[in-house]
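# Chains, contacts and geometry: an overview
Listed here are the chains, written in short residue letters.
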Amino acid sequence: MATSVRATSGGSPPPAGLRSTLYRLDLKAVPYVFVAPFFLTFAAFGLFPLIYTGWLSLHRVELGGSAQWKGLENYSSLATSEFFWNALANTFTIGVISTVPQLLMALGLAHLLNYKLRGRGFFRVAVLAPYATSIAAATLVFAQLFNTDYGLINTVLGWVGFDPVAWDSSKWPAQIAISTIVTWRWTGYNALIYLAAMQAVPQDLYEAAALDGASRWRQFLSVTIPSIRPTILFTVIVSTIGATQLFGEPMLFGGSVGISGGSGNQFQTLSLLMYEKGWVTGALGQASAIAWVMLLLLLLIGGIQTLITRSNHKRKKSGS
Amino acid sequence: MRTSSSRHGRGRRTAINAVAAVAVMATGTALLTGCGSDGDNGKGDAAGGEQITLRIGTFGSFGYDNTTGAKLYAEYEKAHPNIKIEESNVADGQKYWDTLKLRLSRDSGLADIQALEVGYIAEATGPAMADKWTDLAKTGGGDVGAFLDWKVKQATTADGKVIGLGTDIGPMAICYNKDLFAQAKLPTDRTEVAKLWAGDWAKFIATGETYKKSAPAGTAFHDSASGLFNAVISSQPVQYANAKGELDYENSPGVKKAWDTAVAAAKGELTAKLRQFDEKGTWNAAFKNAKFATVACPSWMTGIIKDQAGPENQGKWDIAAPPVAGNWGGSFLAVPKSGKHAKEAAELAAWLTAPAQHAKVFGVNGNIPSTKDTLTSAAVQDAKLPYFGDTPVGKIYSEAAAGITPAPISRWDGQVKTFLTDNGILDIEQRGTDPAKAWENVKKLVDDKIDQ
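Note that the structure is predicted; figures quoted are calculated from it, not measured.

As a further point, take the overall build of chain A. The helix and strand inventory of chain A stands at 14 helices and two strands. Taking 320 residues into account, the globule formula puts the C-alpha radius of gyration at 20 Å, and chain A, at 27 Å, lies well above it. Along the first, second and third principal axes, the C-alpha atoms of chain A reach 95 × 70 × 40 Å. Looking at the 320 residues of chain A, the share that counts as buried comes to 39%. Counting contacts in chain A only where the partners sit at least 6 residues apart, residues at least 24 apart contribute 65% of the total.

Here is the structure:
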C-alpha cells in the first residue's frame, strides 16, 4: 500500500502534510481493514444474537407477534419455577456422573497409551473413534441398547437374574444411561489431550523417581499428575461447559418425550428446557432468559477456573 | 395430514426421523431460513397468461401427489397448461408448523398453499395470524357450503374470514385384534363388539376388566392410557377451551372424563404402557407382537396398523364403532396473502378440496372427506378394507363422522394436550405417579410453560 501511494503520486509529489496523513492512515487503518472481516462476522453472528437475546429476555415475545416489555420478570419467574430448578439440578447431576468417570478413565487410558506398547498408533486412533461418531448415531445405538422392552442390556441383566430396569422412565437409570453415552463419546478425546501433556513430562523425572524406588503407580501419582495439572484443569473446564450445554443426548435418548426430558421431566436439562420454552410453547422471552442464565453460569465457572489457576501459579512460585 | 399428536408427527417415525431431528437442531435457523425458501414463484415473464409455478407445502401424507397419491397435480396441470405444481413435504407435523410460523412472521419463504393441521388452526385464525391469510370464501371460487359446517367454523376468523378449506377429518372407531378377543372369550363380530361398550367409555373400561380376566399372557386390553385419553377427549363436546375459545381445561367436564377414564385404565393395568408414535418404535413393534387388543382408530390409523402389524397379521384386526363418536385430526389448505399468485393458489386449493377430488383421495389414501356429499356418496359408503377382512370402513367412519359434536378450540389446545398425555397420564402409567400429584404437575407445567 505504502509503495503504491508513492508510485501513483508520481511526478508531482503531494504536499508533505497530505502525504504524512495518508502514510499515517495507511499505517493505522489498514490493519483494521484486514482484521475487519472477522470482527464484522463476529458482530453479525456472535455479538448481535447475544445482545438481541438479552433484549428478548426482557420481553414477552412469540413468533409472529410483537414484543411487550416485561422487565426482569422472565428472570424472577425462573427463580420460582420448579421446572427451572429441576432442570438445573438434572444438568448438574448428569454433568457430575458423566464428567467424573469420563476424566478418570481418560487419565487411566492416557497412562496406558503412554507406555511403549505394540500398535500404539492404532490404539491412539481407536480411542478417538467414539468422538468422531455423530451424537445422533451414537445415541440411537445406545437408546436401542437401553430399550426397556427389547434392549440388549435388560436382556443380559435378565440372564444374570435381575429384573428389567426401566431405563427411560426411572430417574437415576435414565440419567446414568445418558451419562454413559456422554462418557463413551468423550473419554478418548480427553485421553488424547492427557497423552499429549504426559509426553511433555521430562523423562528424567521418571528416571529419578525409579532410582528412588518409586513404583509405576507412585510415579503416576507423584510425577505424572502434578506435571499435567494445568491440562487436567483445562479438561475439567471444557467438560463442565459441555455438560452445562448437554442437549442432543437426552433429547434423542428420550425419543418422543425427549424434549421434556421424560414424562416427569426426570432428565430435562437446561438446554432442553430452553428449547421447549422457545420452540414448543413459543415463549421466546423466557427461553432467552434461560440462555442468559446459562451464559452467566458459564462465566462464573470460567471465573472460578481463573482463580484456581492463579492460586496454583502462586503456590508454585512460592514453592520453588 | 391427520394426526393431532401435537409434539411429534405420526406413524413410521423411527431412527431416521430422529436423525433428522438432530439435523434440524444442529442446523438451527439455517434450516428454518434456508430450505425451500426460494421465494420467487413466477418463473416466466409477468405478461398475461404466463407460465407460473404454484408451490404447496404439506406434512405427512395428503394423497395428492403423482406417485403414490391420487395424481391430482398431474390432472390439474393438464387442465391448466400454464401452471406447474411443486409439493414440498415435511414428515413431522410439529416441525412443519414451527417452520411455517417463523416464515409467516417474516412473510418470506412461504409456499403458495400451506396445509394446516386442526391442532394449530385456532392459532392460525387467532389475532396474531388471521391477517396473513387469503379469505377463501371470497377468492378462488371454493364452495364453503359444501363442507361440514363445523369444519368451516374451525377455519373461520373472528371477523368471518374463511382461511382454510377442509381436506380430511378424523372420525374415530376402535380397532381390535380378533385373535386376542377370541382367546379372552370376548365376541369377535364387529356389531357384537360395538355393543359391549356402546354409549359410554365406562363400559369400555368394564370390557377391559372382562378381557383381563382371561387375557392371553403378556397382552393388555388397550395400547396406551394416553391414547385412550386422546380418544375420550376427542368425543367430548367440551374439551380444552370454553365456548369463547379461551383455554379452560381445569374446569372442563370433557378433560375430567378423559382423565378419569385414562387413569382408571392405567391403574387397572388395562394398558400396554406404551406411548403412541414413540420414536423408538416400541409402539410399532407391539402391533406386530400383538401386545394389546384394542387401539383408538381414526381412519388414518388403519394404514398404520396395516404397515406395522404386517401381512402375517392380515385378517386378524377388525374395526368396531366407538363408545362415543369423536374426531381425531383433520387438516385444511390455506393460502398466504403475501404469495405472488394468491388468486391462482386459491383456485387450486378450492379444486383440491372439492368433493370430486375428496372422493379420489379417499379411494387411494383412505382420508375421510370433509365435504357433506362425499361422505354420503356411494364411493365412501361402499368402501371396504381387505386387510381388515373387508370391513365396511366407509360406512363405519361416515356414521362416526355424523355423530361428531365439534368442540370449541383454543390456541393452546395442542400444548395442553401434550402436557396432559406425555407428562400426566404417561407418568402415572409408566412411573406409577399418584394421579392427584400428576394432575398438580400438569397444572404447574401449564402455568409455567405457557406464556399466555
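Here the narrative resumes.
Moving on to the state of the cysteines. Residue and element names in this part refer to chain B. Per the stated rule, a full pass over the model turns up one disulfide over all chains. Each sulfur in the disulfide pair Cys 175 and Cys 297 lies 2.0 Å from the other. Since a negative S-S torsion denotes a left-handed disulfide, the Cys 175-Cys 297 link at about -70° is left-handed. Placement of Cys 175 in strand E4 (residues 164–177) and of Cys 297 in strand E6 (residues 292–298) is noted, with a sequence separation of 122 residues between them.

The final tally for this structure, using the stated rule, is 39 aromatic pairs over all chains. Arranged with centres 6.1 Å apart and planes meeting at 15°, the rings of Phe 38 of chain A and Phe 42 of chain A form a pair that is stacked. One end of the pair is Phe 38 of chain A and the other is Phe 42 of chain A, both in helix H2 (residues 16–56) and four residues apart, which spans about a single turn. Pairing Phe 122 of chain A with Phe 123 of chain A gives two aromatic rings, centres 5.5 Å apart and planes at 65°, and the pair type is edge-to-face. For Phe 122 of chain A, a relative accessible area of 59% translates into the label exposed. The rings of Tyr 176, Phe 181, Trp 197, Trp 201, Phe 204, Tyr 211 and Phe 221 of chain B are connected pair by pair, giving a single aromatic cluster. For Lys 171 of chain A, the ring lying beneath its charged end belongs to Trp 172 of chain A, and the centroid distance is 5.4 Å. Lying across the ring of Phe 83 of chain A, Lys 449 of chain B places its NZ or CZ 4.9 Å from the centre.

Once that is clear, we can look at the interface of chain A and chain B. On the chain B side, the residues contacting the 43 residues of chain A number 41 residues. When the two sides are added together, the surface that chain A and chain B hide from each other amounts to roughly 3,700 Å², 53% of it contributed by carbon and sulfur. A per-residue breakdown of the area chain A buries against chain B is headed by Phe 83, Ser 256 and Ser 263 of chain A, which together make up 17% of the total. The interface formed by chain A and chain B contains three salt bridges. At the junction of chain A and chain B, the tally comes to twelve residue pairs in polar contact (both at pLDDT 80 or more). Of all the elements in the fold, those that place two or more residues in the side of chain A that touches chain B are helix H4 (82–114), helix H6 (135–145), helix H12 (248–253) and helix H13 (270–280) of chain A. It is H13 of chain A that contributes the most residues to the side of chain A that touches chain B, six residues altogether. Grouping the constituent residues of the side of chain A that touches chain B by class yields 17 nonpolar, 17 polar and nine charged.

On to the side chain of Gln 175 of chain A, then. All names here are of chain A. Structurally, Gln 175 is set in helix H8 (residues 171–199). Within the structure, Gln 175 has its side chain in polar contact with the side chain of Thr 93 (distance 2.8 Å). With sequence-adjacent residues up to four places away left out, Gln 175 is seen in contact with Asn 90, Thr 93, Ile 94, Ile 97, Gln 266 and Phe 267.

All right, on to the confidence of the model for chain B then. Residue and element names in this part refer to chain B. Averaged over every residue, the pLDDT of chain B is 86; the share at 70 or more is 89%. Predicted confidence in chain B is weakest over helix H2 (residues 29–34), with a mean pLDDT of 39, and strongest over strand E5 (residues 220–222), with 97. Scored below 50 in pLDDT, residues 1–16 shows 75 contacts in the model against residues more than four places distant or in partner chains. With pTM at 0.79, the complex prediction returns an ipTM value of 0.76.

The next point concerns helix H5 (residues 118–125) of chain B. All names here are of chain B. With seven of eight residues buried, H5 is to be regarded as a mostly interior element. The complete set of buried residues in H5 reads Val 118, Tyr 120, Ile 121, Ala 122, Glu 123, Ala 124 and Thr 125. Turning to H5, the residues buried within the fold contact helix H4 (93–106), strand E3 (113–117), helix H6 (149–154) and strand E8 (327–334). Two or three places before Gly 119, at the start of H5, stands the capping residue Glu 117, its side-chain oxygen 2.7 Å from that residue's backbone nitrogen.

For the rest of this paragraph, the subject is the pairing of strand E2 (residues 83–90) of chain B. All names here are of chain B. Bridge analysis of strand E1 (residues 52–59) against E2 gives eight bridges, and the strand direction is parallel. Each bridged residue has a counterpart across the sheet, and for Ile 56 the counterpart in E2 is Glu 87. Remark: the E1/helix H3 (residues 72–79)/E2 crossover connection has right-handed handedness.

What tends to happen in soluble globular proteins is that the nonpolar side chains get buried as a cluster. Residues and elements named next belong to chain B. Among the nonpolar cores identified, the biggest contains 90 residues, and Trp 259 and Ile 305 are the most heavily contacted of them. Considering each element in turn, this core owes the most residues, seven residues, to helix H11 (residues 253–267). By size, the runner-up hydrophobic cluster in this structure holds 45 residues, among which are Ile 56, Tyr 96, Val 118 and Ala 342.

Let us now look at the pattern of salt bridges. All names here are of chain B. Scanning all chains against the criterion turns up 23 salt bridges over all chains. Of the charged contacts, one joins Lys 84 and Glu 86 as a salt bridge, the two residues approaching to 3.5 Å between their closest N and O atoms. Residue classification places Glu 86 among the partly exposed residues on the basis of a relative accessible area of 29%. Overlapping salt bridges bring together Lys 101, Glu 123 and Arg 411 as one network.

Residues and elements named next belong to chain B. Relative to the helices and strands, Leu 333 resides in strand E8. Residue Leu 333 is classed as buried on the basis of its relative accessible area, which comes to 0%. With 247 residues separating them in the primary sequence, Leu 333 and Glu 86 have C-alpha atoms 15 Å apart.

Residue and element names in this part refer to chain A. A cluster of nonpolar side chains, contributed by Tyr 32, Phe 34, Val 35, Phe 38, Phe 39, Phe 42, Leu 47, Leu 50 and Ile 51, occupies part of the molecular surface with about 980 Å² of accessible area. Note that Tyr 32 resides in helix H2. Taking relative accessible area as the criterion, Tyr 32 reaches 64% and is therefore assigned exposed.

Rules used throughout
Residues numbered from 1 in each chain as written. Chains lettered and ligands numbered in written order. Predicted model: local features only at pLDDT ≥ 70, side-chain atom pairs only at ≥ 80, totals over all residues. Heavy atoms only, no water. Helix = DSSP H or I, 4+ residues; strand = E, 2+ residues; numbered from the N terminus. Rg over C-alpha atoms; globule rule 2.2 N^0.38 Å. Buried < 20%, exposed > 50% of the residue type's maximum accessible area, 1.4 Å probe, protein only. Contact = heavy atoms within 4.5 Å. Disulfide = S-S within 2.5 Å. Phe/Tyr/Trp six-rings, centres within 6.5 Å; stacked < 30°, edge-to-face > 60°. Lys NZ or Arg CZ within 6 Å of the ring centre and 35° of its normal. Buried area = accessible area lost by both parts, 1.4 Å probe. Salt bridge = Lys/Arg side-chain N within 4 Å of Asp/Glu carboxyl O. Polar contact = N/O pair within 3.5 Å; in protein donor to acceptor, adjacent residues only side chain to side chain. Nonpolar A, V, L, I, M, F, W, Y, C, P; charged D, E, K, R; others polar. pLDDT = per-residue confidence, 0-100. Pairing = 2+ DSSP bridges. Right-handed = clockwise from strand over helix to strand, strands pointing away. Core = buried A, V, L, I, M, F, W, Y, C linked by side-chain atoms within 4.5 Å. Patch = residues over 30% accessible without salt bridge, like charges linked within 9 Å, V, L, I, M, F, W, Y side chains within 5 Å. Areas by Shrake-Rupley, 256 points an atom, 1.4 Å probe, with all protein chains shown as cover.

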